[in-house]
Amino acid sequence: MSARSRKGRSATSDGPQNQKTNKKRGKLHANSRGGHEVRLGKSSDSFGDGIIDGKSSKKKKGSKSAKLADASDSRSQSAPYPNGLPTDRPLDVNDYFDQLHLWLDLEAEAERARLARLRQIRSQRDVESTGQAIVGLDLVDYHTGLAGRYLLDLAKPSGEALPMNRLKVGSPVVLSNDADPSDEGIPGVVSFRKNYQIQIATEVFPDPDAQNAKTGKASKHKRASIGEIRYRLDMSPDETTRKRQLAAMAKARGERGRGGRLRDVLLGIESPRFDGKKIDVSPLPESTIAEERADIDFRTELNPPQKDAVAFALLADDFAIIHGPPGTGKTTTLAEVISQAVERGERVLACAASNTAVDNLLERLERLVPYVVRVGHPARVFEHLRDLTLDGQVEKDPSSAVIKDLRRELEQLLRYAQRDTRGGRARGEMFAEVGRIRSQIRSLERTIVRGVLDRADVICTTTTIDEELLGDERFDLIVIDEACQSTEGGMWQAILRADRLIIAGDHCQLPPTVLSDEAAEIGMRDSLMQRLVHRFGEPAYRRLTVQYRMHESIMRFSSDHFYEGSLVADASVRSHLLCDLKNVATTSLTDTPLLWIDTAGAGYEEQLEPDGQSKLNPGEANVIVELVRQLEEAGIDSHEIAIIAPYAAQVRLLRSRLDMDGLEIDTVDGFQGREKEVVLLTMVRSNPEGIIGFLADQRRSNVAMTRAKRKLIMVGDSATLCSHDFYADVLKYFEDANAYQSVFEFQTLVPE
Ligand SMILES: Nc1ncnc2c1ncn2[C@@H]1O[C@H](COP(=O)(O)OP(=O)(O)OP(=O)(O)O)[C@@H](O)[C@H]1O
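Rules behind the numbers
Residues numbered from 1 in each chain as written. Predicted model: local features only at pLDDT ≥ 70, side-chain atom pairs only at ≥ 80, totals over all residues. Helix = DSSP H or I, 4+ residues; strand = E, 2+ residues; numbered from the N terminus. Buried ≥ 20, exposed ≤ 12 C-beta atoms within 10 Å, placed from the backbone. Contact = placed C-beta atoms within 7 Å. Pairing = 2+ DSSP bridges. Core = buried A, V, L, I, M, F, W, Y, C linked by C-beta atoms within 7 Å. Domains from an automatic or database assignment. Axes fitted to C-alpha atoms, helices over the stretch in contact; angles between N-to-C directions. Parallel < 35°, antiparallel > 145°, perpendicular 65-115°, else oblique. Left-handed = near helix turned anticlockwise from the far one by under 90°. Nonpolar A, V, L, I, M, F, W, Y, C, P; charged D, E, K, R; others polar. Expected span 1.5 Å × (residues − 1). Arc of directions from axis to C-beta. Near = placed C-beta within 6 Å.

Q: I'm lost on the overall build of the protein in this one. Help?
A: Counting secondary structure elements, the protein contains 27 helices and 27 strands. In the protein, which comprises 752 residues, the proportion classed as buried is 49%. Contacts in the protein between residues far apart in sequence, at least 24 positions, make up 71% of those at least 6 positions apart.

Q: So what exactly am I meant to see when it comes to the pairing of strand β5 (residues 172-177) here?
A: When a strand is regular, its side chains alternate between the sheet's two faces. Counting buried residues along β5, five of its six residues qualify, which places the element largely inside the surrounding structure. Direction of pairing for β5 relative to strand β6 (residues 186-193): antiparallel, over a ladder of four bridges. Each residue of the ladder has a partner; that of Val-173, found in β6, is Gly-188. As paired elements, β5 and strand β8 (residues 231-235) share five bridges and run antiparallel to each other.

Q: Quick question: what am I supposed to make of the nonpolar core here?
A: Side chains that are nonpolar tend, in soluble globular proteins, to be buried together. Ranked by size, the top nonpolar core spans 94 residues in total, and within it Ile-338, Val-458, Ile-478, Val-479 and Ile-502 carry the most contacts. With nine residues, the top contributor of residues to this core is helix α5 (residues 93-120). Once residues within four sequence positions are removed from consideration, Ile-502 is found in contact with Ala-313, Ala-316, Phe-319, Ala-320, Ile-322, Val-337, Leu-477 and Val-479.

Q: Whenever I open this one, the domain arrangement of the protein confuses me. Can you help?
A: One can read the domain layout of the protein as domain 1 (121-209 + 227-237), domain 2 (242-370 + 457-544) and domain 3 (552-748). One C-alpha centre belongs to domain 2, the other to domain 3; they are set 33 Å apart. Each partner contributes to the interface: domain 2 provides twelve residues, whereas domain 3 provides 14 residues. For the side of domain 2 that touches domain 3, the element with the most residues is helix α13 (residues 355-368), which contributes three residues.

Q: What should I look at first to understand the sheet that holds strand β23 (residues 641-644) in this one?
A: Strand order in the open sheet made by the six strands is β24-β23-β25-β26-β20-β27, with parallel pairing throughout. Only two strands of the sheet have a single partner each, and these edge strands are β24 (664-666) and β27 (740-742). Here the strands of the sheet are splayed against their neighbours by 15° on average, with no regard to which way each runs. Relative to β24, β23 runs parallel, the two sharing three bridges. Among the inter-strand pairings, Ile-643 is bridged to a residue of β24, identified as Ile-665. Sheet strands in contact with helix α23 (residues 648-657) are β23, β24 and β25 (676-682), and its direction is about 155° off that of β24.

Q: Any chance you could explain the sheet that holds strand β4 (residues 150-155) here in plain terms?
A: Where strands meet in a sheet, backbone hydrogen bonds hold them as pairs that are either parallel or antiparallel. Here six strands make up a closed barrel; going around it, the order is β3-β4-β7-β6-β5-β8 and the pairing antiparallel. Here the strands of the sheet are splayed against their neighbours by 50° on average, with no regard to which way each runs.

Q: Sorry if this is basic, but what is going on with the pairing of β8 here?
A: Most of β8 is tucked away, with five of its five residues classed as buried. The alternating pattern of β8 places Tyr-231, Leu-233 and Met-235 on one face and Arg-232 and Asp-234 on the opposite face, and all of these are buried. Across three bridges, the pairing between strand β3 (residues 133-144) and β8 is antiparallel. Across the sheet, the residue bridging to Leu-137 is Tyr-231, located in β8.

Q: I'm lost on the packing of helix α12 (residues 330-343) against α13 in this one. Help?
A: Each pair of packed helices can be described by the angle between their axes along with the distance between the axes. Here α12 crosses α13 at 45°, and the two axes come no closer than 9 Å. By the angle between their directions, the pair α12 and α13 is classed as oblique. As for the relative orientation of α12 and α13, their crossing is right-handed in sense. Along its contact with α12, which presents Thr-331, Thr-332, Leu-334, Ala-335, Ile-338 and Ser-339, the element α13 presents Asn-360, Leu-361, Arg-364, Leu-365 and Leu-368. Classifying every residue of the contact of α12 with α13 by side-chain character gives six nonpolar, four polar and one charged.

Q: Is there a simple way to explain unusual backbone geometry in this structure?
A: Excluding glycine, residues mostly carry a negative phi; peptide bonds, for their part, are mostly trans. Its identity is not glycine, yet Asn-583 carries a phi of approximately 65°, on the positive side. With respect to the helices and strands, Asn-583 occurs in the loop between β19 (568-569) and β20 (594-598). Judged by the 8 C-beta atoms lying within 10 Å of it, Asn-583 falls in the exposed class. For Asn-738, which is not a glycine, the phi torsion comes out positive at approximately 60°. Looking at the secondary structure, you find Asn-738 in the loop between α26 (725-736) and β27.

Q: Help me understand helix α8 (residues 239-253) in this model?
A: It helps to recall that an α-helix has 3.6 residues per turn; residues three or four apart then point in one direction. End to end, α8 covers 21 Å across 15 residues, agreeing with the expected 21 Å (1.5 Å per residue, within 8%). Listing the buried residues of α8 in full gives Arg-244, Gln-245, Ala-248, Met-249 and Ala-252. Burial along α8 is one-sided: seen end-on, the buried residues are contained in an arc of 135°. Pointing more than 90 degrees away from the buried face of α8 are the exposed residues Lys-243 and Ala-250. Against α5, α9 (257-266), α17 (467-470) and α18 (492-495) lie the buried residues of α8.

Q: Is there a simple way to think about the site of the ligand in this case?
A: Lining the immediate surroundings of the ligand are 14 residues, of which Gly-329, Lys-330, Thr-331, Thr-332 and Tyr-548 lie closest. Broken down by element, the shell around the ligand gets its largest block of residues, three residues, from α12. By residue class, the composition of the shell around the ligand is three nonpolar, nine polar and two charged.

Q: Explanation requested: the environment of Leu-616 in the structure shown.
A: Mapped onto the elements, Leu-616 comes out in strand β22 (residues 615-616). What makes Leu-616 buried here is the crowd of 24 C-beta atoms within 10 Å. For the pair formed by Leu-616 and Ile-641, sequence separation is 25 residues and the distance between their alpha carbons is 20 Å. In contact with Leu-616, not counting residues within four places along its chain, are Gln-607, Glu-609, Tyr-647, Ala-649, Gln-650, Leu-653 and Val-684.

Here it is, written out as structure tokens:
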């Protein structure tokens, strides 16, 4: 098969079956690549709460939001590439960056509109049920962190648990006075969270003078100290990230020399070179890869496709792609590439879009590379890797003792200022002194930080790079893992820091989260990796094909549907079952790899969460609870069980019903890159119209169905789901595997 024709098949995430599916539903639209692509479900809210779409799709004519939407619609129509970035021709540098700029603008507008809607909700129950805000909080303690940031601990006054929320470590937030809707608040980032307490890092300390002036307390000379103010935390648009991305894009636009060449290759203007050759003229011969491979002293036990991918990546002069379907050891392979590059004397910047993905890579690098540093707030880093963080390394530096003394002094001063109720000048002077000490701390830290970073062979960070910390550090190689979870705009900060780039990911799994439907319509959800795979085809990437996670039957559907049947289950996992685990009984649940419990006809209709926008299905939840009971009874440890629901309301319902140590219940997005021995999927949607919402995004289903090692159980209403051919195919696959059970049969087996 020619490279071109292979490209046509392998580059899209949708196999022939999918195309059939979508054509039938009229959901295919010709794209600028000359091919066809599935238009994603409208819902842009990856958490499935629908607060965004629910409101934005109902714009009243002539209303302010309708005018805003009309304005952005016309802006997206005048985009340089209104159908998304084309892959059949070179991109124009200015048009390309204008398009990325427009994406960011539309996304920022969508985020601001979401926040504005959120801040209008004042009832505690309503606002907290969105999961995007916590109200009525006390500031219970505070400390200072790296770069003089304030770390503020917030909790409910009565010590009750915080409501279920989406404010994760790393989420940008706004802290404001709960009693004052006009308070614009101060920006911060969640740095730590527990059930009862949440900590945010801010640049500004919440000064009660400002709050009191607003509430009028100051004018009445009845000043409130910080402890008397109730705070509210709202998820906020990430302005810092946006500004950093815009700055990187502006720089990339004017880049010359080697940096300019890499940009031009990534825009399809120049052809990528491997081993000094142009690939459009001559794809890299297998013999060249074999020669390179023979020269490598591998540090990890790798299989042949992984070894080839390492050799291929090391031969790249501009960029190379490693395509890693679920469980095929993409991160393991990438770690080997990095360690080989370090062995050759190179400095590497290793990135990923999420903190979890960075840590997964770091876990492997720790064993392979002599000196690796993780940049990022320690609270966002896996606990066992905290010694490798910049903070951890700075702490070990002898000069850190001086900083500790200064921090103590700063905290004392802050406490004193908090207790001081005189206000006015005395208080102002105290805050001025706080400022002086902070800048002293910063300057000392900068020196130590420089030393730590300069010594590192590999620096690991998210693709949102802290430019202040990294300064103008350059690298020989940039490696980006889980590259399909990042928007193109999100990649440029990293790309600018070297002349060679290795990206790894899987465009058949979750795309980046994009809030703005307008931006998504003009291509913002299509990743750079996906575009390069389309543009350059097979010569630009190597696919890993041996997977080490799933029983062959769990793998097969995904392999056939998304990867042209190319996946092979390693012998170590090919036929493993739950009943092979120590202390697990052999039952009808544990001695087979697949089960679909069909709820059709049972009357388990989906419901809209009261006061919320998300969906739940209590009938399905009952089945899940019973399945978990049976699994536990068979001896499965709750740490080995995961429940995945597409909707946050179902997650909330199940968490309230199953409070078991180690049992994980989350949305699909929370599980990408993870695995468990047994995974239960509750599909939720059950309605006479056959509406399945964002379940129609097959990439989401691909992720959900490939997390289980030994058993995958789906609970869903075939009558609703199978009006879509994808799920009809899934059902047929389960039926053929003799893994179908109606809920009526299941219930008769449930002991009274
Ligand atoms: N060559 C190999 N031999 C044995 N086990 C391997 C090999 N390569 C990877 N593995 C194992 O397979 C599992 C998945 O590896 P890894 O996390 O690198 O894959 P991934 O492709 O990044 O995963 P994901 O699908 O979650 O993105 C790990 O437990 C890893 O140790």
